[in-house]
Every structure is written in C-alpha cells, then in structure tokens.
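Chains, contacts and geometry: an overview
Given next are the chains, with one letter for each unit.
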Amino acid sequence: AEMFAQCWRALNANFYDPKHHDTNWTAVREKFLPLVAHTATREDLYALVSMMLGELKASHLGISGRTPTPDE
C-alpha cells in the first residue's frame, strides 16, 4: 500500500501537466486503491500501477524495478 501511495504522490507532484491531462487524479487513486489488497507480488503491484498510469494517456509512462532473486 505504501509503494502504491508513493507512486501516486510522485506523479501527483511531478507530472509535467499540472492538470494531469484533465484526468481527476484523485479519483484515479480511489479507483485503484481497493485493488492494492489483491496484489501478492511486486510484479502484481507494478501491473496495477501501470494500469493506473494508463489513465493519464501519456506515452512512455511506466513503472519498473529490480525484482530480488530468491536467495536475497
């Protein structure tokens, strides 16, 4: 839930268009927030955040990161 919140806040504060392409960014957070409880892995969360970012209709916008190996 914290990673989701951080992603939302980062885009809220730093997206190049302060109107978020006329998207109600707060409503987008509320739409996707209940789904966070159904994510079991980092990849699940990345997929959810990618769907949320898709609401902005901005090309080349996504989330990625290193996935720890099982021995870490």
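On a predicted model such as this, the values are computed, not experimentally measured, just so you know.

The next thing to look at is the confidence of the model for the protein chain. Counting all residues, the mean pLDDT for the protein chain is 90, and 93% of those residues have values of 70 or more. Within the protein chain, the lowest mean pLDDT, 93, falls on helix 3 (residues 42-54), and the highest, 97, falls on helix 2 (residues 25-32).

Another point: the packing of helix 2 against helix 3. Relative to each other, helix 2 and helix 3 sit at 150°, their axes nearing to 10 Å. Here helix 2 lies roughly antiparallel to helix 3, going by the angle between them. Seen from above, helix 2 lies across helix 3 with right-handed handedness. Contact with helix 2, carried on its side by Trp25, Val28 and Phe32, involves Leu48, Met51, Met52 and Leu53 of helix 3 and no other residues of that element. Residue composition of the contact of helix 2 with helix 3, grouped by class: seven nonpolar, no polar and no charged.

Thresholds, definitions, all that
Residues numbered from 1 in each chain as written. Predicted model: local features only at pLDDT ≥ 70, side-chain atom pairs only at ≥ 80, totals over all residues. Heavy atoms only, no water. pLDDT = per-residue confidence, 0-100. Helix = DSSP H or I, 4+ residues; strand = E, 2+ residues; numbered from the N terminus. Axes fitted to C-alpha atoms, helices over the stretch in contact; angles between N-to-C directions. Parallel < 35°, antiparallel > 145°, perpendicular 65-115°, else oblique. Left-handed = near helix turned anticlockwise from the far one by under 90°. Contact = heavy atoms within 4.5 Å. Nonpolar A, V, L, I, M, F, W, Y, C, P; charged D, E, K, R; others polar.

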